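Fold and geometry: a report
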Amino acid sequence: AEEIEKPHVAFLPSPGMGHITPLFEFARRLVIHHDFHVSFFVITTDASAAQNELFRSENLPSGFHAVEIPPVENISSFFTEDMRVVTRLAIMVRESLKHLPSLLMKQQRPIEALIIDLFCTDAYEICQKLSIPVYSFFTASTILMAFSLYLPTLDREVDGEFVDLPEPIQTPGCNPICPHDILDQVKDRKNDEYKWYLLHVSRLPLAAGIFVNSWDDLEPVSLKALKENLFFQNIPIPPVHAIGPLIKQDEVVTEKGAEILAWLDDQPPESVLFVVFGSGGTLTSEQLTELAWGLEMSQQRFILVARKPSDASASAAFFNVGSDENNPLIYLPEGFVKKTEGRGLVVPSWAPQAAILNHPSTGAFLSHCGWNSTLESVIHGVPMIAWPLYAEQRMNATVLAEEVGVAVKFPVVPGEPLICRKEIEKMVRNVMEGEKGKAMRRRGKELKESAKIALNSGGSSYESLCSVVQFWKSK
Ligand code: UDP
């Protein structure tokens, strides 16, 4: 009977750990700190072992209920070879959400709010009919959210490609964005991927409120622009609640993961570089070879999460992490594993990232700068070598390097897409042993402290969430 009294909130993430993790953390907080009942809708895919692991785990708190949305039958028949990642994701979500009305109606108790992420905006129409308020949780950076809110305006006002604009793009109230850095999805306006992205972001203003996974010290400029609606008179912006950094907690570490952590236990403090490109990042074979030899030449300790290279797409692993046969010896350069044995650890496909970043032996993170990876690095005070690959990662890398001071970027050489081994060696040494690394580590520790304060009782993120929680409870 007591359980019936609890306020009930539902969550709806898109597939992919980058979307699921922050919504899961948000849900967990509602259950644990605020005594909510949560229904967590999960779009089932067989692509992600990590996703399935999360919801199978015995650690789900009581009050948290995972609700599976049945898999779309024959999903591959919707896809064509040349479809890009956001198009695939949007189609998969669209098809899955056909089950949403019946699943919502089946819920025994009223739902105070449905919290969705970016690609689930078909939920607005569905929920309107059911009188359920919909909130958005924007799981990427605030700078991307600001840019995205501005995108429909840009779309109306700019002819041609944004990436060809001669001047930086001035999102109102925010720092200018170099056209080269804008997210991939808006670099080719004729591609379906752009249309899908535009469609979903143009519905952001329909939200009853938007949660962002950030806090004032990490993105002061963009957050101020959004919260105070500084320059957006013509663009309706729902109330913005910065509730981050919400990152994965109590990660379930597999046996393989435990071996990695045990290896770390034996390394000196802050001596290991952790290398992984998110859940989908993939290098070309030529680039992977350069990276491998660059790591070898740097003579530093490292953990490299290895993925089969792809010359076709920088996010090739996105839909098949864990489902692929993965033997790094086949595609890493010959002799590399042998030569770095003891100093370097090569891990196929997936490693317990949050636990590794939290380990005292980890000294730096070579990362694609996905937003979750960024937050995990920042919360543990680990400096980053930015290696953006896809989506909005170039924008994130620029914010981290130029505004926040916790990352370094490789210099962009026009017409040269490859980062060569010499360059990698130099960068790795500089961050692991040089002055740059020291300065970033100091800044990292400050931010780590600031994140802790924001999330604790009385802190900005904690209080932002409390105000919405009070509102839901009062209904
Ligand atoms: N991750 C992990 N192990 C890996 C690779 C990724 O645990 O080997 C997790 C990482 O901790 C993060 C998420 O996957 O929580 C990646 O999210 P992010 O937003 O950084 O990038 P995306 O995968 O969406 O590009």
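These numbers come from a predicted model, not from an experiment. (Residues numbered from 1 in each chain as written. Predicted model: local features only at pLDDT ≥ 70, side-chain atom pairs only at ≥ 80, totals over all residues.)

**What to know about the environment of Ala-27**
With respect to the helices and strands, Ala-27 occurs in helix H2 (residues 17-34). Judged by C-beta crowding, with 27 C-beta atoms within 10 Å, Ala-27 ranks as buried. Taking the C-alpha atoms as reference, Ala-27 lies 21 Å from Ala-355; in sequence the two are 328 residues apart. Contacts of Ala-27, omitting those with residues within four sequence positions, involve Phe-11, Val-38, Phe-40 and Phe-64. (Helix = DSSP H or I, 4+ residues; strand = E, 2+ residues; numbered from the N terminus. Buried ≥ 20, exposed ≤ 12 C-beta atoms within 10 Å, placed from the backbone. Contact = placed C-beta atoms within 7 Å.)

**Points about the site of the ligand**
Taken together, 20 residues surround the ligand, and among them Gly-18, Gly-278, Ser-279, Gly-370 and Ser-373 come closest. Elements that contribute at least two residues to the shell around the ligand include exactly H2, helix H14 (353-357) and helix H15 (371-379). In terms of residue count, the dominant contributor to the shell around the ligand is H15 (four residues). Split into classes, the residues belonging to the shell around the ligand amount to eight nonpolar, ten polar and two charged. (Near = placed C-beta within 6 Å. Nonpolar A, V, L, I, M, F, W, Y, C, P; charged D, E, K, R; others polar.)

**Considering the nonpolar core**
Ranked by internal contacts, the top residues of the largest apolar core, which has 144 residues, are Ala-27, Ile-115 and Ile-303. With residues up to four places along the chain from it excluded, the contact list for Ile-303 reads Ile-260, Val-272, Phe-274, Val-275, Leu-345, Val-347, Ala-351 and Ile-356. (Core = buried A, V, L, I, M, F, W, Y, C linked by C-beta atoms within 7 Å.)

**Quick look at the sheet that holds strand E9 (residues 301-306)**
The strands making up a sheet are joined through hydrogen bonds of the backbone, oriented either antiparallel or parallel. If you walk across this open sheet you meet the six strands as E10-E9-E8-E11-E12-E13, and the pairing is parallel. Here the strands that pair on one side only, and so sit at the sheet edges, are strand E10 (344-348) and strand E13 (407-409). The mean inter-strand angle of the sheet, taken between neighbouring strand axes irrespective of direction, is 20°. Pairing analysis gives four bridges linking strand E8 (residues 272-276) to E9, with the strands arranged parallel. Each residue of the ladder has a partner; that of Val-272, found in E9, is Arg-301. The strands that helix H10 (residues 255-265) touches are E8, E9, E10 and strand E11 (362-367); relative to E10, the one it contacts most, it runs at about 170°. (Pairing = 2+ DSSP bridges. Axes fitted to C-alpha atoms, helices over the stretch in contact; angles between N-to-C directions.)

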